[in-house]
Amino acid sequence: MFGNGVVQQLAAKVKEFKASKVLVVTDQGVKQAGLLDKVTKPLEDSGLELAVFDAVEPDPSLDTIHKGANFFKQAGCDLIVALGGGSPMDTAKGIRVVADNGGHIRDYAGVNKVPGKASVPLITIPTTSGTGSEVTIFAVLSDWEYNMKITVTSPYLAADLALVDPLLTVSAPARITAASGIDALAHAIETYVSNIAQPPADALALKAIQIIGTNLRSAVANGSNLEARNQMALGSLMAGMAFNNAFLGITHSIGAALSGHVHVSHGISIALLLPYVMEYNAMARMEKYREIAAALGERVENMTLREGALAAAKSVHELVGDVGLPQHLQELGVKEDDLPAIAKDTLSHGMVKMNPRKPTETEILGILRKAF
């Protein structure tokens with residue numbers, strides 16, 4: 001359900017699931033912004049019991065999943081509401097898997113390892129426009145024991161209901177708006193050029209690129225611009241729906257490897273890497289990259305095919321700079337000596353297979369050196 005004010009229907013929707021006690025999974029930032037009250041008060045006013053797990057950190061750890069699953073069981077809840085950005089939503093997905101199936105969340109890393117449909121309903125309510133996690137079949141978690149990101153991928157991970165209310169994103173700070181917005185753009189771009197791209201996902205992805213390219217600067221410059229916030233929420237949602245079907249590429253593969261070496265937010269790393277990966281990939285999908293450039297507002301009519309394709313990377317590079325995000329790895333504290341290990345780790349990431357150009361370790365190292 002999408003639109004300004006749809007969160008007001010939460011209590012009625014919870015009752016449709018015949019739930020009696022709700023676990024709300026969120027983080028301290030959401031709580032401090034006053035958004036938690038917008039969810040808990042209507043639920044309490046409608047007579048529902050509540051428990052709140054607000055210990056989710058950025059790039060949530062596997063330990064957090066297990067703490068949340070234990071909390072869920074001890075509280076005796078029968079429905080989960082995830083409120084926040086990708087971290088609370090991915091955490092809620094992980095909590096549900098462990099609570100339902102037992103074992104360690106690491107057991108479910110990979111594709112289709114969750115054995116069956118969840119017995120516990122999940123409602124997702126995003127407060128940022130970026131991850132698309134409210135509608136995706138993925139949960140990305142941090143395995144700090146091995147300094148790596150793991151991804152759980154399964155249709156059984158998807159929420160039963162997503163309430164996407166753009167008004168909940170208005171309080172997001174400019175930097176979070178910028179980083180999450182470029183992350184959503186990366187979802188749409190990588191989906192559009194994926195090796196397993198297909199027309200329905202292409203339609204969603206290309207429209208998402210156009211919406212985000214048109215509205216991100218305005219949303220960052222003036223967070224109270226309700227039209228820009230509405231459109232960013234829609235673009236992020238459409239990108240999430242698209243990449244469920246065609247997956248991503250090496251921007252996210254390198255980003256996952258990078259996070260194992262430097263503790264930097266997912267959106268920041270994706271924003272930094274995306275233009276360099278687009279420049280590398282352009283020769284493999286020239287027509288599609290030219291269409292991306294056009295969707296981003298570039299005048300490609302008088303350009304050659306190659307010029308048009310490369311204009312897409314240039315356009316994103318300028319967008320990242322305009323919204324004030326880092327454009328070089330050394331700004332994140334990455335050392336040049338780290339680059340070979342990051343390149344090596346990248347190749348073990350599942351999304352490499354969907355990238356339109358098959359990279360070697362040497363080529364990934366070349367991308368990293370350009371981005372350094």
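Criteria and thresholds
Residues numbered from 1 in each chain as written. Predicted model: local features only at pLDDT ≥ 70, side-chain atom pairs only at ≥ 80, totals over all residues. Heavy atoms only, no water. Core = buried A, V, L, I, M, F, W, Y, C linked by side-chain atoms within 4.5 Å. Buried < 20%, exposed > 50% of the residue type's maximum accessible area, 1.4 Å probe, protein only. Helix = DSSP H or I, 4+ residues; strand = E, 2+ residues; numbered from the N terminus. Axes fitted to C-alpha atoms, helices over the stretch in contact; angles between N-to-C directions. Parallel < 35°, antiparallel > 145°, perpendicular 65-115°, else oblique. Left-handed = near helix turned anticlockwise from the far one by under 90°. Contact = heavy atoms within 4.5 Å. Nonpolar A, V, L, I, M, F, W, Y, C, P; charged D, E, K, R; others polar. Expected span 1.5 Å × (residues − 1). Bend = angle between axes of the 7 residues up to and from the residue. 1 Å grid on protein atoms, 1.4 Å probe; cavity = no way out; pocket = protein on both sides within 12 Å on 5 of 7 lines; lining within 4 Å. Points joined across faces, edges and corners; volume = space filled by probe spheres on them. Pairing = 2+ DSSP bridges.

Give a detailed account of the nonpolar core, specifying residues and quantitative values.
Counting 70 residues, the largest nonpolar core has Ile 182, Ile 292 and Leu 329 as its most contacted members. Considering each element in turn, this core owes the most residues, 10 residues, to helix H10 (residues 266-281).

Requested: an account of the packing of helix H9 (residues 250-261) against H10, with residues and values cited.
At a closest axis distance of 8 Å, the pairing of H9 and H10 adopts a crossing angle of 135°. By the criterion of interaxial angle, the relationship of H9 to H10 is oblique. The interaxial crossing formed by H9 with H10 has right-handed handedness. Along its contact with H9, which presents Ile 250, Thr 251, His 252, Ile 254, Gly 255, Leu 258 and Ser 259, the element H10 presents His 266, Ser 269, Ile 270, Leu 273, Leu 274, Val 277 and Tyr 280. Of the residues contributing to the contact of H9 with H10, the split by class is 8 nonpolar, 6 polar and no charged.

Can you lay out H10 for me, pointing to particular residues and giving the numbers?
The end-to-end C-alpha distance of H10 is 21 Å, a good match for the 22 Å that 16 residues give at a rise of 1.5 Å each. Of all bends in H10, the biggest is about 35°, found at Leu 274, and the proline Pro 275 comes one to four residues later. Counting buried residues in H10 gives 14 out of 16 residues, a clear majority hidden from the surface.

Lay out the side chain of Thr 64 with the relevant residues and their values.
Position of Thr 64 relative to the elements: it lies in helix H4 (residues 62-75). For Thr 64, a relative accessible area of 6% corresponds to the buried category.

Quick rundown of empty space enclosed by the protein? Include the residues and the values.
Summed over all chains, the structure comprises 3 cavities of 30 Å³ or more. In terms of lining residues, the largest cavity is bounded by 13 residues, among which Ser 129, Thr 177, Ser 180, Arg 229 and Met 232 are the most central. Sorting the residues of the lining of the largest cavity by element identifies helix H6 (174-192), helix H7 (199-221) and helix H8 (226-246) as the ones contributing at least two each. A per-element tally of the lining of the largest cavity places H6 first, with 4 residues. For the lining of the largest cavity, the per-class residue count stands at 5 nonpolar, 7 polar and 1 charged.

Tell me what's going on with the sheet that holds strand S6 (residues 138-143), and back it up with residues and numbers.
Taken in spatial order, the 3 strands of this open sheet run S4-S7-S6, and their pairing is mixed. Two strands close off the open sheet at either side, each with one partner strand: strand S4 (110-111) and S6. Across 6 bridges, S6 lies against strand S7 (residues 148-153) in antiparallel orientation. Across the sheet, residue Val 140 finds its bridge partner in S7, namely Thr 151.

With reference to specific residues and values, describe the sheet that holds strand S5 (residues 122-126).
Across the sheet, 5 strands lie side by side as S2-S1-S3-S5-S8; this open sheet has parallel pairing. The sheet is open, and its two borders are formed by strand S2 (49-56) and strand S8 (161-162), each paired with just one other strand. The sheet contact formed by strand S1 (residues 21-27) and strand S3 (residues 79-84) spans 4 bridges and is parallel. Note on S3: the bridge partner recorded for Leu 23 is Ile 80. Here H4 sits on the sheet in contact with S1, S2 and S3, set at roughly 165° to S2.

Before we move on, could you go through the packing of H9 against helix H13 (residues 339-346) and cite the residues and values that matter?
Viewed as axis vectors pointing N to C, H9 and H13 meet at an angle of 130°, and their least axial separation amounts to 8 Å. Classified by the interaxial angle, the pair formed by H9 and H13 is oblique. Considering only the axes of H9 and H13, their crossing is right-handed. Here Ser 253, Ile 254, Ala 257, Leu 258 and His 261 of H9 lie close against H13, whose contacting residues are Ala 341, Ile 342, Asp 345 and Thr 346.

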